Amino acid sequence: MINALKIENLCKNFGELSAVKDISFKAQIGEIIAILGPNGAGKSTLMNMISGFLSPSSGTIEVLEKDISQHPIFAKSNIGFLPEGSPLYPDLSVFEFLSYMAELRGFRKANKLQEIQRISQIAKIEDILTQKIETLSKGYLRRVGFAQSIISDPKILMLDEPTDGLDPNQKEHMRSLIQTLGKNKTILISTHLLEEAESIATRIILINKGQIIADGTLQDILFKADSTNLENAFKKLTRG
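Throughout, a residue's number is its position along its own chain's written sequence, starting from 1. Only residues with pLDDT of at least 70 are given local features in this predicted model, and only at 80 or more are side-chain atom pairs given and counted; all residues enter the totals for whole chains, interfaces and linings. To obtain the side-chain values, all non-hydrogen atoms of the structure were included, while hydrogens and water were left out.

A.B. asks: It is not clear to me how the overall build of the protein chain should be interpreted in this structure. Could you clarify?
C.D. replies: Only DSSP runs of H or I reaching four residues or more are called helices, and only runs of E reaching two or more are called strands; each is numbered from the N terminus. Helix and strand counts for the protein chain stand at nine helices and ten strands. For 240 residues, the compact-globule estimate of 2.2 N^0.38 gives 18 Å, and the protein chain sits close to it at 18 Å. The burial tally for the protein chain puts 50% of its 240 residues in the buried class. Residue contacts are counted whenever heavy atoms from the two residues lie within 4.5 Å of one another. Contacts in the protein chain between residues at least 24 apart in sequence constitute 67% of all its contacts with a sequence separation of at least 6. Accessible surface, the protein chain as shown: approximately 11,700 Å² in total, 50% of it carbon and sulfur. Charge counting treats Lys and Arg as positive and Asp and Glu as negative, with His and both chain ends excluded. Just so you know, the charge point we use is NZ for Lys, CZ for Arg, CG for Asp and CD for Glu. Looking at the protein chain, you have 28 positive and 28 negative side-chain charges, and the mean spots of the two groups are 2 Å apart. We compute the radius of gyration over the C-alpha atoms and compare it with the globule rule, which gives 2.2 Å times the number of residues raised to the power 0.38. The buried label applies to any residue whose accessible area, calculated with a 1.4 Å probe on protein chains only, is under 20% of its type's maximum; exposed applies above 50%, and partly exposed to all values in between. Only the protein chains shown count as cover for residues, and the accessible areas themselves come from Shrake-Rupley with a 1.4 Å probe.

Written out as structure tokens, the structure is:
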């Protein structure tokens, strides 16, 4: 089976600070992986390296069995990324922003309009396409950011706090959407919401102080921590 994602001995240092320390794991198509950890654990740094926003200090990252350092365009064309904060262009309308992002992904004219229509329907943002981004609520900003992450239907989708700012109904829609998309993609979710990991993830990678301290299904994590719920397991495994 082809690995959608393969991380080997990945490290990232910022001066004397080691943000990520010798992380290794593989991910397959069809897996929804929740990356859990306390603040400062290295979750966002890890995702930024996989996306190509940051260069590793050492180690390798392969996307669909190609090293991203040697095939950066191939890797980026197969990764959709919703970063924390989801940087957008406040002076553009939602349509103008998505049009620009679609062009960066190689869409032109009629194909571009079809793609904007497709992602707008999935993210449920058809009613705000003419609004300026600077006028949107935090929830709508997150949904617009999500829409741009699924342009061109990438095989790997990385979502950093995907339900941040959404109301309960919007959270339910987003989680349901992730489960549906996850049948044909590899999805990595960085989240601090334990119920999110419990409800939609097929696998959990627990990170603390830049290192993986547990990797497996929810039941694997509970067994390792000798616990009956994820909250207590999380506290036990990240203690110290």
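Back to the write-up after that little detour.
A.B. asks: How should the packing of helix α3 (residues 94-104) against helix α5 (residues 138-149) be read in this particular structure?
C.D. replies: When two helices pack together, their arrangement is captured by the angle between the axes and the distance separating the axes. Fitted lines through C-alpha atoms give the axes, limited to the stretch in contact for helices. The angle between two N-to-C directions lies from 0 to 180 degrees. Two numbers describe how α3 lies on α5: the axes approach to 10 Å, and their chain directions differ by 25 degrees. The orientation of α3 relative to α5 falls into the category roughly parallel. Note that α3 runs across α5; the crossing there is right-handed. In contact with V94, F97, L98 and M101 of α3, α5 contributes V144, A147 and Q148. An angle below 35 degrees is read as roughly parallel, one above 145 as roughly antiparallel, one from 65 to 115 as roughly perpendicular, and any other as oblique. If you view the pair so one helix is near and one far, a crossing is left-handed when the near helix is turned anticlockwise from the far one by less than a right angle, and right-handed when it is turned clockwise.

A.B. asks: I tried to follow the pairing of strand β10 (residues 211-216) on my own but got confused; where do I start?
C.D. replies: The two faces of the sheet receive side chains in turn, since in a regular strand these alternate between them. As defined by bridge partners, strand β9 (residues 203-208) adjoins β10 across five bridges and the pair is classed as antiparallel. Note on β10: the bridge partner recorded for L206 is A214. Between any two strands, pairing holds if DSSP finds at least two bridges. Between β9 and β10, which follow one another and run antiparallel, lie two residues, and K209 among them has a positive phi close to 55 degrees.

A.B. asks: What exactly am I supposed to notice about helix α8 (residues 218-225) here?
C.D. replies: Counting along an α-helix, one turn takes 3.6 residues, and residues three or four places apart therefore face a common direction. Along α8, the residues that are buried comprise I221, L222 and A225. The buried residues of α8 occupy an angular sector of 95 degrees when the element is viewed end-on, so they sit on one face. Relative to its buried face, α8 has exposed residues pointing more than 90 degrees away, namely Q219, F223 and K224. The elements touched by buried residues of α8 are β9, β10 and α9 (230-237). The arc in question is the one traced by the directions running from the helix axis out to the C-beta atoms.

A.B. asks: Please explain the nonpolar core as it appears in this structure.
C.D. replies: Buried together is how nonpolar side chains tend to be arranged in soluble globular proteins. Residues V94, L98, I125, F146, I178 and I187 are the most contacted members of the largest nonpolar core, which totals 31 residues. Among the secondary structure elements, those contributing two or more residues to this core are α3, α4 (109-123), α5, β7 (156-160), α6 (168-181) and β8 (186-190). Residues in contact with I125, not counting those within four places in the same chain, are V94, L98, S120, Y140, R143, V144 and A147. Working definition of a nonpolar core: buried Ala, Val, Leu, Ile, Met, Phe, Trp, Tyr and Cys residues. They are joined through side-chain atoms within 4.5 Å. V20, I23, M47 and I205 belong to the second-largest nonpolar core, a separate cluster that totals 26 residues.

A.B. asks: Help me out: how do you make sense of the packing of α3 against α4 in this one?
C.D. replies: At a closest axis distance of 10 Å, the pairing of α3 and α4 adopts a crossing angle of 120 degrees. Viewed along their axes, α3 and α4 adopt a mutual orientation that is oblique. Viewed along their axes, α3 and α4 form a crossing whose handedness is right-handed. Residues F95, L98, S99, A102 and E103 of α3 form the contact with α4, whose participating residues are K112, L113, I116, I119 and S120. Residue polarity is assigned by list, with Asp, Glu, Lys and Arg as charged and Ala, Val, Leu, Ile, Met, Phe, Trp, Tyr, Cys and Pro as nonpolar; anything else, Gly included, falls into the polar class. Residues of the contact of α3 with α4, tallied by class, amount to six nonpolar, two polar and two charged.

A.B. asks: Would you take a moment to explain the environment of N111 for this structure?
C.D. replies: Summarising the element assignment, N111 is placed in helix α4. For the pair N111 and F25, spaced 86 residues apart in the sequence, the C-alpha separation amounts to 36 Å.

A.B. asks: In this structure, what is going on with the sheet that holds strand β2 (residues 17-27)? I would like to understand it.
C.D. replies: Two orientations exist for strands paired in a sheet by backbone hydrogen bonds: parallel and antiparallel. The four strands are arranged β2-β1-β4-β5 in an open sheet whose pairing can be described as antiparallel. Looking along the sheet, the strands with just one partner apiece sit at the ends: β2 and β5 (66-67). Where strand β4 (residues 58-63) and β5 come together, two bridges link them in antiparallel fashion. Along β5, the bridge assignment pairs V63 with K66. Of the strands in this sheet, β1 (5-14), β2 and β4 are in contact with helix α1 (residues 43-51), which crosses β1 at around 120 degrees.

Without other data, these values stay purely geometric and don't point to any function.
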